[in-house]
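# Architecture at a glance
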Amino acid sequence: MNAISHYHASARTFDIPRVQVLLIFSRTLIYVTLILIMIVQAFPLVWMILTSIKNQREVFSSFLPTQIDLSNFQRIWNAIDLPRHLINSLYVTSLTVIIVVIVATLAGYVFARFHFRGKDALFYLFIGAMMIPGQAILIPMFQFLKSIGLLNTLTGLSFSYLGGAVAFSIFLMRSFFMSLPRELGDAGRIDGCGEFGVFWYVYLPLARPGVATVVIIQSMGIWNEFMFSNTFISSPGSKTIQAALFQAVGRYATDYAALSSGLILALIPIVTIYLVLQKQFVEGLTAGALKG
Amino acid sequence: MTQTRHPDPGLPAALRRNWPAIVFLSPAAIVLLVFMAIPMANSIVLSFQSWNGMSAPVWVGLRNYRALFGDRLFLIALGNTAYFTIVTVILQTTLPLLVACLLNAGIRGGVLFRTLYFMPVIISLAISGLLWAMIYEPNFGVLNEFLRSIGLGGLTQLWLADRRTVMPSIIAVSIWQSLGFYLVIYYAAMQNIPGELYDAAKIDSANALQRLWHVTVPMLRPVIVLVVVLNTINGIKVFDQIWVMTAGGPNHASDTLGTYLYSTSFGAMGSSNPQLGYATSIAIVILVLSFILSIVQIRLGRRQEIEY
């Protein structure tokens, strides 16, 4: 007790150094914490990369590879016909995203720029689909795709994503169009544009960042989707990359080097998109979350 | 667009005036009707039926729902879902907030940390599940290897094969994966808090924790509500990572509503007895739970003005 009050008294006498010491101490503490978290966050990824380039003897015996062995990539590439599954995923993702962008841009524009009775109610009805989890429509969607002959097809899988993806994208595009000045449209109308002209010549060119956001967020979501793709596609050759790797685990359970290589190959396209468009992606996420 | 110019001119005129809106909206309306509303309606109907997917469905009224509460496996799945949701909501709301505060404390290299923390977000739940299944593997997985190598061999576990450790292990993956996402949301919102508030708090000699509690948290209230809602929805419907890592095992110790639904319908497909009506009633439970809980949370968070 005495010692503590003595410490306080003396500390007050040398106020400035104490503040500086505290500052340096807390700075160091912050950095140490952040670096520890960084290690935890990065470790699994680093381990995956290291494992993918080890030869099979080293996989379980040493953390660092003694030499780089790229044959694992070749092994998984050929073993599960990886290019085919990557192309499947690419097809599903692009088809969905193209439809979603067209449909959601038009609808988002109306909700941002038109006025009519019942608009708000209609908007909430439309984006209400955001609240519906995939499980809630899994079984009827399975039956529906079966009845129209699109079960076990990539096009059918792509269609199954449309509802949720369109709802969220309308929400994003509406916020984006609302951020553009209203006067632009009025100027276009004075210049003799009709409603379609205003949309096509005035707003659509300006909407490119909004469209890019929708493209990135939806590409990532659909590329990464697992439940629908694992359920609606049964023939091995038509599986998406996510489902194909899941299948491969059964067959290559102990070939960690090959599996790690497969995971990395599945990540390359999406990580590339992310790295190129990272700013847009993060802005889109936070805009979707914060501005609404 | 011109609603105020004329007194209500009646429906045909309204249609004529709004026809561009109608044209623009119809593709979305068709998509949402065909790929969301109709399947959803079918789900509701199906949940009152008994159906094996082959013969004609039989109307059974509330029997599926009543059966749920006598089904031991459903109750286990419900309990595990509650466990997963409560723990992830608490940890995935608070941890990213604390890390965002550290990043916001005026240090250098914040962008680098933020980018690295974010990397797991890009990876799909299925792939991160596969990756972590390798890490958790009891015999040669790197986690147990690591524990043995630093002399803590006594702490090694059958992470995903032991009913006591399986849920915490899965939850750890969820935290690892989502930290960057919520961090970025918090961090962006923090940039909008006026610096004067912190200066004022400092003048009142509030320490860092007090500033967090009395300035940051109240200012971030709408965002915190949003993060809680997102975490709740994700928790109630959790499926991918669990299916990939354990498929609900060992002996249902990690079964959630999502995985139980799946094994009741598609997991059992081709085997003896797919119960599509029963499985759909589980889907409706998931839907209703996530709906009610998000409404409650949004209402509770509404003391300050939030616009969604």
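Scoring rules and cut-offs
- Numbering of residues starts from 1 in each chain and follows the order in which that chain's sequence is written.
- Written order determines the labels here, with chains lettered from A and ligands numbered from 1.
- Totals for whole chains, interfaces and linings use every residue, but because this is a predicted model, local features are given only for residues with pLDDT of at least 70 and side-chain atom pairs only at 80 or more, for both listing and counting.
- Derived side-chain values reflect all non-hydrogen atoms in the structure, with water molecules and hydrogen atoms excluded from consideration.
- Secondary structure elements are taken from DSSP: a helix is a run of H or I of four residues or more, a strand is a run of E of two residues or more, and numbering for both begins at the N terminus.
- Here the globule rule is a power law, 2.2 Å times the number of residues to the power 0.38, and the radius of gyration is based on C-alpha atoms.
- Exposed residues in this analysis have more than 50% of their type's maximum accessible area, buried residues have under 20%, and partly exposed residues fall in between, with area computed by a 1.4 Å probe over protein chains only.
- Should any heavy atoms of two residues lie within 4.5 Å, those residues are considered in contact.
- The protein chains shown are the only cover counted for residues, whose accessible areas, like all others here, come from Shrake-Rupley with a 1.4 Å probe.
- UniProt positions are given in the numbering used here, feature names are shortened, and annotations may be inferred rather than shown by experiment.
- Salt bridge, as applied in this entry: a Lys or Arg side-chain nitrogen positioned within 4 Å of an Asp or Glu carboxyl oxygen.
- Polar contact criterion, stated in full: a pair of N or O atoms within 3.5 Å, where within protein one must be able to donate a hydrogen and the other to accept it, and residues adjacent in sequence count only if both atoms are side-chain atoms.
- Only Asp, Glu, Lys and Arg are considered charged in this grouping, and only Ala, Val, Leu, Ile, Met, Phe, Trp, Tyr, Cys and Pro are considered nonpolar; every other residue, Gly among them, is considered polar.
- Angular values range over 0 to 180 degrees, each being the angle between N-to-C directions of two axes fitted as lines to C-alpha atoms, with helices fitted over their stretch in contact.
- Put simply, angles under 35 degrees are roughly parallel, angles over 145 are roughly antiparallel, angles from 65 to 115 are roughly perpendicular, and the rest are oblique.
- Multiplying 1.5 Å by the helix residue count minus one yields the expected span of that helix.
- We define a nonpolar core as any set of buried Ala, Val, Leu, Ile, Met, Phe, Trp, Tyr and Cys residues linked to one another through side-chain atoms lying within 4.5 Å.
- Ring pairs shown here join Phe, Tyr and Trp side chains whose ring centres sit within 6.5 Å, with only the six-membered ring taken for Trp; geometry is labelled stacked below 30 degrees between planes, edge-to-face above 60, and tilted in between.

In terms of helices and strands, chain B carries 14 helices and two strands. Expected size for 308 residues packed as a compact globule is a radius of gyration near 19 Å; at 25 Å, chain B overshoots this value by more than 25%. Based on the C-alpha atoms only, the size of chain B along its principal axes is roughly 70 × 65 × 30 Å. A total of 308 residues make up chain B; the buried ones form 51% of that total. Of all intrachain contacts in chain B linking residues separated by at least 6 positions in sequence, the fraction that spans at least 24 positions is 67%. A total of about 14,500 Å² of accessible surface is found on chain B, and carbon and sulfur atoms cover 66% of it.

Time to look at the UniProt feature "transmembrane region" (unreviewed entry) in chain A. Residues given the UniProt feature "transmembrane region" (unreviewed entry) here are residues 28–50, 90–111, 123–145, 157–177 and 256–277 of chain A. A distance of 31 Å separates the end C-alpha atoms of residues 256–277 of chain A, which is 95% helix and 0% strand.

Tallying the contact residues gives 86 residues for chain A and 85 residues for chain B. Linking chain A with chain B are zero salt bridges. Counting across the interface, chain A meets chain B through ten residue pairs in polar contact (both at pLDDT 80 or more). When its residues are assigned to classes, the side of chain A that touches chain B shows 63 nonpolar, 16 polar and seven charged.

Below, the discussion takes up the UniProt feature "domain: ABC transmembrane type-1" (unreviewed entry) in chain A. Those residues carrying the UniProt feature "domain: ABC transmembrane type-1" (unreviewed entry) are residues 86–277 of chain A in this numbering. As annotated, residues 86–277 of chain A has a helix share of 79% and a strand share of 0%, and its two end C-alpha atoms lie 20 Å apart.

All right, on to the packing of helix 3 (residues 71–79) of chain A against helix 13 (residues 256–276) of chain A then. All names here are of chain A. As a packed pair, helix 3 and helix 13 sit with axes 8 Å apart at the nearest point and diverge in direction by 75°. The angle between the axes of helix 3 and helix 13 places the two elements in the roughly perpendicular class. Here Asn72, Phe73, Arg75, Ile76 and Trp77 of helix 3 come into contact with helix 13, specifically with Ala257, Ala258, Ser261, Gly262, Ile264 and Leu265. Class assignment for the residues of the contact of helix 3 with helix 13 results in seven nonpolar, three polar and one charged.

This next bit is on helix 9 (residues 195–206) of chain A. Each turn of an α-helix holds 3.6 residues, which means side chains three or four residues apart point in the same direction. Helix length check: helix 9 of chain A (twelve residues) gives 16 Å between terminal C-alpha atoms against 16 Å at 1.5 Å per residue, within 8%. Every buried residue of helix 9 of chain A is accounted for by A:Glu195, A:Gly197, A:Val198, A:Phe199, A:Val202 and A:Tyr203. Looking at the buried side of helix 9 of chain A, the elements it contacts are helix 4 (82–113), helix 7 (154–179) and helix 8 (183–190) of chain A together with helix 2 (19–46) of chain B.

Formed by 147 residues in total, the largest nonpolar core has its most connected members in A:Ile170, A:Phe177 and A:Phe281. Considering every element that reaches this core, the biggest residue donor is helix 4 of chain A, with 14 residues. For A:Ile170, the contacting residues outside a window of four places in its chain are A:Ala104, A:Ala107, A:Gly108, A:Phe111, A:Phe123, A:Phe126, A:Ile127, B:Ala28 and B:Leu32. With 29 residues, the next largest nonpolar core counts B:Val89, B:Val99, B:Met190 and B:Val228 among its residues.

Evaluated as defined, the whole model comprises 35 aromatic pairs over all chains. A centroid spacing of 6.3 Å and a plane angle of 85° characterise the contact between A:Trp47 and A:Tyr256, whose relative ring orientation is edge-to-face. Residue A:Trp47 is found in helix 2 (residues 15–52), and its partner A:Tyr256 is found in helix 13; the two are separated by 209 residues along the sequence. Note on A:Tyr256: relative accessible area 3%, which makes it buried. For the ring pair A:Tyr109 and A:Phe199, a centre distance of 4.7 Å and an interplane angle of 55° mean the geometry is tilted. Of the two residues, A:Tyr109 sits in helix 4 while A:Phe199 sits in helix 9, which places them 90 residues apart along the sequence. Neither A:Tyr109 nor A:Phe199 differs from the other in exposure class; each is buried. Grouped by ring-pair contacts, the aromatic residues A:Tyr109, A:Phe114, A:Phe177, A:Phe196, A:Phe199, A:Tyr203, B:Trp19 and B:Phe24 constitute a single cluster.

Quick look at the packing of helix 6 (residues 134–147) of chain A against helix 14 (residues 276–300) of chain B now. The description of two helices packed together rests on the angle between their axes and the distance between the axes. Packing of helix 6 of chain A against helix 14 of chain B brings their axes to within 7 Å, and their N-to-C directions diverge by 145°. Here A:Gln135, A:Ala136, A:Ile139 and A:Gln143 of helix 6 of chain A lie close against helix 14 of chain B, whose contacting residues are B:Leu276, B:Ala279, B:Thr280, B:Ala283, B:Ile286 and B:Leu287. Taken together, the residues that form the contact of helix 6 of chain A with helix 14 of chain B break down as seven nonpolar, three polar and no charged.

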